[in-house]
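What follows is the residue order along each chain.
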Amino acid sequence: MATMTDPPRESFRLSMLIYDTRYRSLTIQVIALFAFMLLVAWIISNTVQNLASLGKEVEFGFFSEPASYDINQRLLDYTSRDTHLRASFMGLLNTLVVAVLGCITATIIGVLVGVARLSRNWLIARIMTVYVEMFRNVPVLLWIVFAMAILIESLPSPRAFRGENATQSLILNDSVAITNRGVYVPEALFSRSLGDVRLFGESSLRFDVSLDLVAIIAVLAASFFVFRRIRIWAERVQNETGNRPTTWHFQVAVLVVPTFILLAALGFHLGKPELKGFNFAGGTHLRNSLIALWIALSLYTAAFIAEIVRGGILAISKGQTEAAGSLGLRPNRIMSLVILPQALRVIIPPLISNYLNLTKNSSLAIAVGYLDITGTLGGITLNQTGRELECLLLLMLIYLCISLTISVFMNIYNKRVALVER
Amino acid sequence: MQKSVFYGALAAAVVIGGAAGAATLDDVKARGNLNCGVSTGLVGFASPDASGNWEGFDVAVCRAVAAAVLGDPQAVEFIPTTGKTRFTALASGEVDMLARNTTWTFSRDTDLKLDFIGVNYYDGQGFMVPKALGVTSAKDLDGATVCIQTGTTTELNLADFFRVNNISYEPVPIETNAEAQQQYLAEACDVYTTDASGLAATRASFESPGDHVILPEIISKEPLGPVVRHGDNEWGDIVRWTLNALISAEELGITSANVGELSGGPTNNPEINRLLGTEGTLGDMIGLDSEWAQRAIMAEGNYGEIFEKNIGENTPVGLARGLNAQYTEGGLIYSPPFR
């Protein structure tokens, strides 16, 4: 006769933490976590001890002291009497400028090269291959220094523009000067300017916003809104009657006329650069350091983006091209209407990491004397105040914030182009 | 158990932290060579010659210290540092001392936890421009583009000078003297500014030095001297008194040629005897043997010899003694007595 007995009630023994598969992974994780925390605690306590033995404390008071150094490219008002915080802020803006400019041009060049590399034209495809391999396989620092050396050594100095028998002259109707100190282009001036509005008072983060620029952007936005309304109206008429009304002249007028009226009202004119003393004065000065950094970072990152774009396009089945072709679309439109929109789904995620790389690579700016956040906060401020730990921790935090912000926006865009599954 | 491991780690951290701060002399002796931070290359002060041996006015100080401590002037590892990296290199223990045209200032001496052990060159900041520009005074430089090494006191003096005189300029920040030279010669900047001695040294390496002038204005005081870490006073004493020995040797007429003869036996000048160790126990007091100063002087000669050989008027750098003459000759170079 079979007897049914309850299975023996298992009591928990300590050895089960290792031998019982139900607990083992938990045990290992707990031990690993403890070991990791110990390591971190050791590093922190070691740092604090070492700083204490040197007589240094972690403090950020130096930020409110005068920086005492000048920054050549400053987007907002700054003098050497402003604080270290203000100097760091100028550096941050310089980093953002070169990162944004770099990302835009790298994307444009990258997409063009990526498409061209797949061209059936043998010569174009090969040239693009050479470009991609050259830029991808040489460190970006060398390209930055190389670009700077070319600009400095091959372009004329301002002195060549001076005097009766000048060997150089301004180009484009006497308005653009290309020198080995940078490119001087005309600047937009307003004789009846609306002035500036100052945000954040007199603090170190004060920010002057030009009301002229705000007005122009507002008018352009309003024009664009009306432009869209006209198109929607035209489509509705077309759907109802089958005849599309001619609207292009309205649309062009809506886009152009209000902006022109505004510019005339503000007294818009161009300020041309003129040789004055040692340098050109007036106009906007695009410094060599910015141009060299911008060109080198764009071309370097574009080589990677080109490969991503090529990979994205190759990921789309050839049937799509053939189907589009059989509908009578021409190759250009096949690419822009059928292939690229689908390829974007493959392209966007690796593109994000290339934008992040470009932004981080911009920290090599000091090699050409471009004062970005690494050059100001992590360079001169660090050196003059001797606060290595504070400056570097803050610098890392700032780059982290910039990178995370880029990621957030690109991820939102990625969601929009992602395949919608039903 | 976890707790004891933690305290163990903490204790280890304390030991490591403490070890970084003290006993540079023992470290140097155990290692058998001196790590000396120098500039990345400034003719006359510190630059490698054709066969890679470092030579120059600052290099000689390192060699004298190595000779005094280790008995061998060649037992030096020269570590090139930029204006930005030099203090971190010293504070982290990567170098034992700096001999690198470093200006003695209040905040560096106190806040940066460095110890300046003396002055081996009294300098001031000047400006160099191409002769063709026709500039005769630094106050004519309104609107000029100025090349400037970052992380230096000259960067701050420059900003102050232009602001106080109410003239504008365009700074071009660069990292090393070599980069400055490249930009200046390509006319990417109109002016190069650094310590006047550095300008003279840089100009000496140009193809046609005569085409460039150093403007008369000296806009700052730049006392340059060797630096050690704050807190290791024994090591600071050794470096300080090695420099003073070189200076006293010039004053007392001890040269690399006659130091052997003078240390043969007591002379009738007791200060020479004390310095060269034939009388008294000065060596013991700083933890070295009695011949330490003899070896330091033998390495590259006395202060005057070092000056003449590397940056004096018969060299391409061509600097006059000026402020850097002995106090007996109307200069500022003055060593406390060896007593």
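All values derive from a computational prediction rather than experimental measurement.

Caption draft 1: Here's a closer look at the overall build of chain A. Within chain A one finds 12 helices and 9 strands. For 422 residues, the compact-globule formula gives about 22 Å, and the C-alpha radius of gyration of chain A, at 30 Å, lies well above that figure. The C-alpha extent of chain A, read off along each of the three principal axes, is 115 × 75 × 50 Å. For chain A, contacts bridging at least 24 residues in sequence account for 65% of all contacts bridging at least 6.

Caption draft 2: Up close: the overall build of chain B. On a plain count of helices and strands, chain B comes out with 14 helices and 14 strands. Compactness check: chain B gives a C-alpha radius of gyration of 22 Å against a globular reference of 20 Å for 339 residues, within 12% of the reference. Each principal axis of the C-alpha distribution contributes one length, and for chain B these read about 70 × 60 × 40 Å. By the burial criterion, 50% of the 339 residues in chain B qualify as buried. Here the contacts in chain B between residues at least 6 apart in sequence split such that 73% fall between residues at least 24 apart.

Caption draft 3: Structural context of the confidence of the model for chain B. All names here are of chain B. Averaged over all residues, the pLDDT of chain B is 88; the fraction at 70 or higher stands at 94%. Contacts for the low-pLDDT stretch residues 1-6, under 50 throughout, to residues beyond four places or in other chains number 4 contacts. Taken as a whole, residues 8-21 scores under 50 in pLDDT and shows 20 contacts with residues more than four places along the chain or in a different chain. Taken over the whole predicted complex, pTM reads 0.81, whereas the ipTM for its chain interfaces reads 0.78.

Caption draft 4: Local environment of the domain arrangement of chain B. Residues and elements named next belong to chain B. Segmentation of chain B into domains returns domain 1 (23-122 + 224-329) and domain 2 (125-220). Between domain 1 and domain 2, the C-alpha centre-to-centre distance is 29 Å. Each partner contributes residues to the interface: domain 1 has 18 residues there, and domain 2 has 16 residues. The class makeup of the residues in the side of domain 1 that touches domain 2 is 8 nonpolar, 9 polar and 1 charged.

Caption draft 5: Focus on helix α9 (residues 233-252) of chain B. Residues and elements named next belong to chain B. Its 20 residues give α9 an end-to-end C-alpha distance of 27 Å, which sits within 8% of 28 Å, the value for a rise of 1.5 Å per residue. Extensive coverage of α9 is indicated by the burial of 15 of its 20 residues. Just past α9, the residue Gly253 takes up positive phi, approximately 80 degrees.

Caption draft 6: Broad picture of the sheet that holds strand β10 (residues 169-174) of chain B. All names here are of chain B. If you trace the 5 strands from one edge of the open sheet to the other, you get β10-β9-β11-β8-β12, paired in mixed fashion. Each having just a single partner strand, β10 and β12 (212-214) make up the two edges of the open sheet. Strand-to-strand twist in this sheet, taken as the mean axis angle between neighbours without regard to direction, amounts to 30 degrees. By the bridge criterion, 6 bridges tie strand β9 (residues 144-149) to β10 in an arrangement that is parallel. Residue pairing across strands places Ile148 opposite Pro173, the latter belonging to β10. Lying on the sheet, helix α8 (residues 196-204) is in contact with β8 (125-130), β11 (191-195) and β12; it crosses β11 at an angle near 125 degrees.

Caption draft 7: Structural detail: helix α5 (residues 140-154) of chain A. Between the first and last C-alpha of α5 of chain A there are 21 Å, a value that for 15 residues agrees with the 21 Å anticipated at 1.5 Å per step. Those residues of α5 of chain A hidden inside the fold are in contact with α8 (288-314) of chain A together with α7 (177-185) of chain B.

Caption draft 8: Looking closely at the confidence of the model for chain A. Counting all residues, the mean pLDDT for chain A is 88, and 97% of those residues have values of 70 or more. Within chain A, the element-level pLDDT minimum falls on strand β4 (residues 196-199) of chain A, averaging 81, and the maximum on α8 of chain A, averaging 95.

Caption draft 9: Representation of unusual backbone geometry in the model. Residue and element names in this part refer to chain B. For Asn101, which is not a glycine, the phi torsion comes out positive at approximately 40 degrees. Here Asn101 lies in the loop between β5 (97-98) and α5 (106-110). The buried category is assigned to Asn101, around which 27 C-beta atoms lie within 10 Å. Even without glycine at this site, Lys113 takes up a positive phi of about 60 degrees. Mapped onto the fold, Lys113 is located in the loop between α5 and β6 (114-116).

Caption draft 10: Looking closely at the pairing of strand β2 (residues 182-185) of chain A. Residues and elements named next belong to chain A. As paired strands, strand β1 (residues 177-179) and β2 are joined by 3 bridges and run antiparallel to one another. Opposite Thr179, over in β2, you have Gly182 as the bridge partner. Connecting the antiparallel pair β1 and β2 is a turn made up of 2 residues. The pairing of β2 with strand β9 (residues 284-287) spans 4 bridges and is classified as antiparallel. When the sheet's bridge partners are listed, Gly182 is paired in β9 with Arg287.

Caption draft 11: Quick look at the environment of Ile286 of chain B. Turning to its location among the elements, Ile286 of chain B is positioned in the loop between α12 (282-285) and α13 (292-300). Put simply, Ile286 of chain B and Ala188 of chain B are 98 residues apart on the chain and 51 Å apart in space, counted from C-alpha to C-alpha.

Caption draft 12: Expanded view of the pairing of β9 of chain B. Residues and elements named next belong to chain B. A large share of β9 lies buried, amounting to 6 of its 6 residues. With respect to chirality, the unit in which β9 leads through helix α6 (residues 153-164) into the neighbouring parallel β10 is right-handed. Where β9 lies against β11, 2 bridges are found, and the strand directions are parallel. From the neighbouring strand, Cys147 faces β11, where its bridge partner is Tyr192.

Caption draft 13: Molecular detail of the interface of chain B and chain A. With 40 residues of chain B at the contact, the number on the chain A side is 37 residues. Looking at the side of chain B that touches chain A, the elements with two or more residues in it are α1 (2-21), α4 (86-91), β9, α6 and β10 of chain B. The biggest single contributor to the side of chain B that touches chain A is α1 of chain B, with 12 residues. Residues of the side of chain B that touches chain A, tallied by class, amount to 20 nonpolar, 10 polar and 10 charged.

Caption draft 14: Geometry of the sheet that holds β1 of chain A. All names here are of chain A. Pairing in this open sheet of 3 strands is antiparallel, and the strands run β1-β2-β9 from one edge to the other. The open sheet is flanked by β1 and β9, the only strands paired with a single partner. Recorded for the sheet is a direction-independent mean angle of 15 degrees between the axes of neighbouring strands. The strands touched by α8 within the sheet are β2 and β9, with β9 carrying the most contacts at an inclination of about 55 degrees.

Caption draft 15: Quick peek at the environment of Glu313 of chain B. Residues and elements named next belong to chain B. Structurally, Glu313 can be placed in the segment after α14 (303-310). Under the C-beta neighbour-count criterion, Glu313 is labelled exposed, with 11 such atoms within 10 Å. Residues Glu313 and Asn233, spaced 80 residues apart in sequence, show a C-alpha to C-alpha distance of 36 Å. With near-sequence residues (within four places) excluded, Glu313 lies in contact with Gly318 and Ala320.

Caption draft 16: Structural detail: the packing of α9 of chain B against α13 of chain B. Residue and element names in this part refer to chain B. Running from amino to carboxyl end, α9 crosses α13 at an angle of 70 degrees, the nearest separation of the two axes being 10 Å. What the angle tells us is that α9 and α13 run roughly perpendicular. Handedness of the crossing formed by α9 with α13: right-handed. Contact residues: Thr242, Ala245, Leu246 and Ala249 in α9; Ala293, Ala296 and Ile297 in α13. Taken together, the residues of the contact of α9 with α13 break down into 6 nonpolar, 1 polar and no charged.

Caption draft 17: Highlighting the packing of helix α3 (residues 84-117) of chain A against helix α4 (residues 122-136) of chain A. All names here are of chain A. It is the contact of α3 with α4, at a shortest axis distance of 8 Å, that shows an interaxial angle of 130 degrees. Comparing their axes, α4 and α3 come out oblique. When you trace α3 past α4, the crossing you get is left-handed. When α3 is examined against α4, the residues Val113, Ala116 and Arg117 are found in contact with a partner set consisting of Ile124, Ala125, Met128, Thr129, Tyr131 and Val132. Classifying every residue of the contact of α3 with α4 gives 7 nonpolar, 1 polar and 1 charged.

What counts and how
Throughout, a residue's number is its position along its own chain's written sequence, starting from 1. Chain A is the first chain written and ligand 1 is the first ligand written, with later ones labelled in order. Local features in a predicted model are, by the rule used here, given only for residues with pLDDT of at least 70; side-chain atom pairs are given and counted only at 80 or more, and totals for whole chains, interfaces and linings are based on all residues. Put simply, DSSP H or I for four residues or longer makes a helix, DSSP E for two residues or longer makes a strand, and each gets a number counted from the N terminus. In this description the radius of gyration comes from C-alpha coordinates, and the expected globular size is given by 2.2 Å times residues to the power 0.38. Each residue is represented by a C-beta atom placed from its backbone, and any two residues with such atoms within 7 Å are regarded as in contact. Here the C-beta atoms are placed from the backbone, and a residue counts as buried if at least 20 other C-beta atoms lie within 10 Å of its own, exposed if 12 or fewer do, and partly exposed otherwise. Residue-level confidence of the predictor, termed pLDDT, takes values from 0 up to 100. Domain delimitation follows an automatic or database domain assignment. Gly falls in the polar group here, along with every residue not listed as nonpolar (Ala, Val, Leu, Ile, Met, Phe, Trp, Tyr, Cys, Pro) or charged (Asp, Glu, Lys, Arg). What a helix is expected to span follows from its residue count: subtract one and scale by 1.5 Å. Here the rule is simple: two strands pair whenever DSSP picks up at least two bridges between them. Fitted lines through C-alpha atoms give the axes, limited to the stretch in contact for helices. The angle between two N-to-C directions lies from 0 to 180 degrees. Handedness of a crossover is defined as follows: with both strands directed away from the viewer, a clockwise route from the first strand across the helix to the second makes it right-handed. Roughly parallel refers to an angle under 35 degrees, roughly antiparallel to one over 145, roughly perpendicular to one between 65 and 115, and oblique to any angle outside these ranges. Put simply, a crossing is left-handed when the front helix is turned counterclockwise from the back one by less than a right angle, and right-handed when it is turned clockwise.

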